[in-house]
Amino acid sequence: MNPLPMDDHSSSSRPDGPAFGSGADSGRGGGFGTLAPRSGNPAGTDIRRRNNVTVTGREDGPVLLLVHGFGCDQNMWRLVAPMLGETFRVVLFDYVGSGRSDLSAWSEQRYSSLDGYALDVLEVCEELDLREVTFVGHSVSAVVGVLAAAQAPQRFSRLVMVAPSPRYIDEDGYRGGFSADDIDELLESLESNYLGWSAAMAPVIMGNEDRPELGQELAASFCATDPDMARVFARTTFLSDSREDLKTVAVPTLVLECTQDVIAPREVGAYVHAAIPGSRLVTLEATGHCPQLSAPQATAGAIADFMEPTR
């Protein structure tokens, strides 16, 4: 596992890879001169440290903001980020409550709504003064990107939705992939035995039974998350209904789905594509819910192709 270079404000250091800025000059080291701190974030909050912000890739390239989903962190992008970084400036971070974020900044009230995660996105964008951003969101974060773009349209130029789902529960005329009883059982299992749930569900979510190391990696990511924080994120994710929010999308959008995905079946990809006028739907020759790990070259290639006019 080769982590990307981490911000020097991260909660635990990694010796491999250059630090991003230091001290009073944070945000100006390594040639990223446009990433100076901004003034619009909450007083006294160090967003870079709080969200473990990482910047890599080509200094003058179009900006890609890669955002992880439930139970994960920015390391989920480690295979596609170097490929994309050859052409683009790549920004990654961890939601508060995930990865190497500052867990002391977590609030159940804030993160019981997808709006709380969208606020993390917007505060990172404000801190780094990011504009003309292509938001690349995995799973539930695809919808978080929709919410963030609606709140600050001046910052976002494109959306890439990787295995998205605006609603996981089936309803009349809509197939999300789960019954209400399925979701209740999933949440009850998660809340009663989080580590056991992680070990059992990670291989199912990942798919690719012939590559068990992928499921093991996802299980390890789940298990590294604080159970109480994971419980809140899970309920927020699996009980949300963001179908109406899709109507607000006003930027070019790429919907990436896999041929087989138990979390976001292809009916969901078709629904999202139909709900966002002018969107592009690409079906990757990949199985499981995490194509950035199971099919990184195809995932990076689809994103790069979508970005072709801006390169």
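Okay, so let's go over this structure. (Residues numbered from 1 in each chain as written. Predicted model: local features only at pLDDT ≥ 70, side-chain atom pairs only at ≥ 80, totals over all residues. Heavy atoms only, no water.)

1. Let's talk about the packing of aromatic side chains
What counts, and what does not: Stacked, tilted and edge-to-face are the three classes assigned to paired rings of Phe, Tyr and Trp, where Trp is represented by its six-membered ring and a pair needs centres within 6.5 Å; plane angles under 30 degrees give stacked, over 60 edge-to-face, the rest tilted. Each helix is a run of H or I in the DSSP string that is no shorter than four residues. Each strand is a run of E no shorter than two, and both are numbered from the N terminus. Each residue's exposure class comes from its accessible area (1.4 Å probe, protein chains only) as a fraction of the maximum for that residue type: buried when under 20%, exposed when over 50%, partly exposed otherwise. Charge-over-ring contacts are defined here by two conditions on Lys NZ or Arg CZ: a distance within 6 Å of the ring centre and an angle within 35 degrees of the ring normal.
Per the counting criterion, the structure on display carries 14 aromatic pairs. Consider the rings of Phe70 and Phe238, whose centres lie 6.2 Å apart with planes at 70 degrees: the pair is edge-to-face. Of this pair, Phe70 sits in the loop between strand 2 (63-67) and helix 2 (81-85) while Phe238 sits in helix 8 (residues 227-238), placing them 168 residues apart in sequence. Each member of the pair Phe70 and Phe238 is classed as buried. Grouping aromatic residues by their ring pairs yields a cluster made of Phe70, Phe93, Tyr95, Tyr111, Tyr117, Tyr168, Tyr194, Trp197, Phe222, Phe233 and Phe238. Sitting over the ring of Phe306, Arg158 keeps its end group 4.9 Å from the ring centre.

2. With respect to the side chain of Ser198
Under the convention used in this document: Residues are treated as being in contact if the distance between any of their heavy atoms lies within 4.5 Å.
Position of Ser198 relative to the elements: it lies in helix 6 (residues 194-206). Beyond its immediate chain neighbours, meaning those up to four positions away, Ser198 contacts Pro203, Ala219, Phe222 and Cys223.

3. Looking at the environment of Glu267
Looking at the element boundaries, Glu267 is found in helix 9 (residues 266-275). Through-space distance from the C-alpha of Glu267 to that of Gly177 is 8.5 Å; in sequence the pair is 90 residues apart.

4. Observations concerning the pattern of salt bridges
Counted only if it meets this: Salt-bridge detection follows one rule: a side-chain nitrogen of Lys or Arg within 4 Å of a carboxyl oxygen of Asp or Glu.
Taken as a whole and assessed by the stated rule, the structure comprises 20 salt bridges. The salt bridge involving Glu127 is made with Arg48; its shortest N-O contact spans 3.0 Å. Taken as a pair, Glu127 in helix 3 (residues 114-128) and Arg48 in helix 1 (residues 47-50) lie far apart in primary sequence, 79 residues in all. Comparing Glu127 with Arg48, the two get one shared label, buried. In this structure, Arg155 engages Asp129 in a salt bridge whose closest nitrogen and oxygen atoms are separated by 3.7 Å. Taken together, the residues Arg155 in the loop between helix 4 (140-151) and strand 5 (156-162) and Asp129 in the loop between helix 3 and strand 4 (133-138) connect sequence positions 26 residues apart. Residue classification places Arg155 among the buried positions, given a relative accessible area of 6%. Among the charged side chains, a salt-bridge network with shared partners connects Arg50, Arg110, Asp120 and Glu123.

5. A look at the packing of helix 6 against helix 7 (residues 212-223)
Heads up, the condition is: The angle between two axes is taken between their N-to-C directions and runs from 0 to 180 degrees, where each axis is a line fitted to C-alpha atoms and a helix contributes only its stretch in contact. Whether a crossing is left-handed or right-handed is set by the direction in which the near helix is turned from the far one by less than a right angle, anticlockwise for left-handed and clockwise for right-handed. Basically, the charged four are Asp, Glu, Lys and Arg, the nonpolar ten are Ala, Val, Leu, Ile, Met, Phe, Trp, Tyr, Cys and Pro, and anything else, Gly included, counts as polar.
One way to put it is that helix 6 packs onto helix 7 with a least axis distance of 8 Å and a crossing angle of 145 degrees. For helix 6 against helix 7, the interelement crossing comes out right-handed. Of the residues in helix 7, those touching helix 6 at Tyr194, Leu195, Trp197, Ser198, Ala199, Ala202, Pro203, Ile205 and Met206 are Leu214, Gly215, Leu218, Ala219, Phe222 and Cys223. Residue composition of the contact of helix 6 with helix 7, grouped by class: 13 nonpolar, two polar and no charged.

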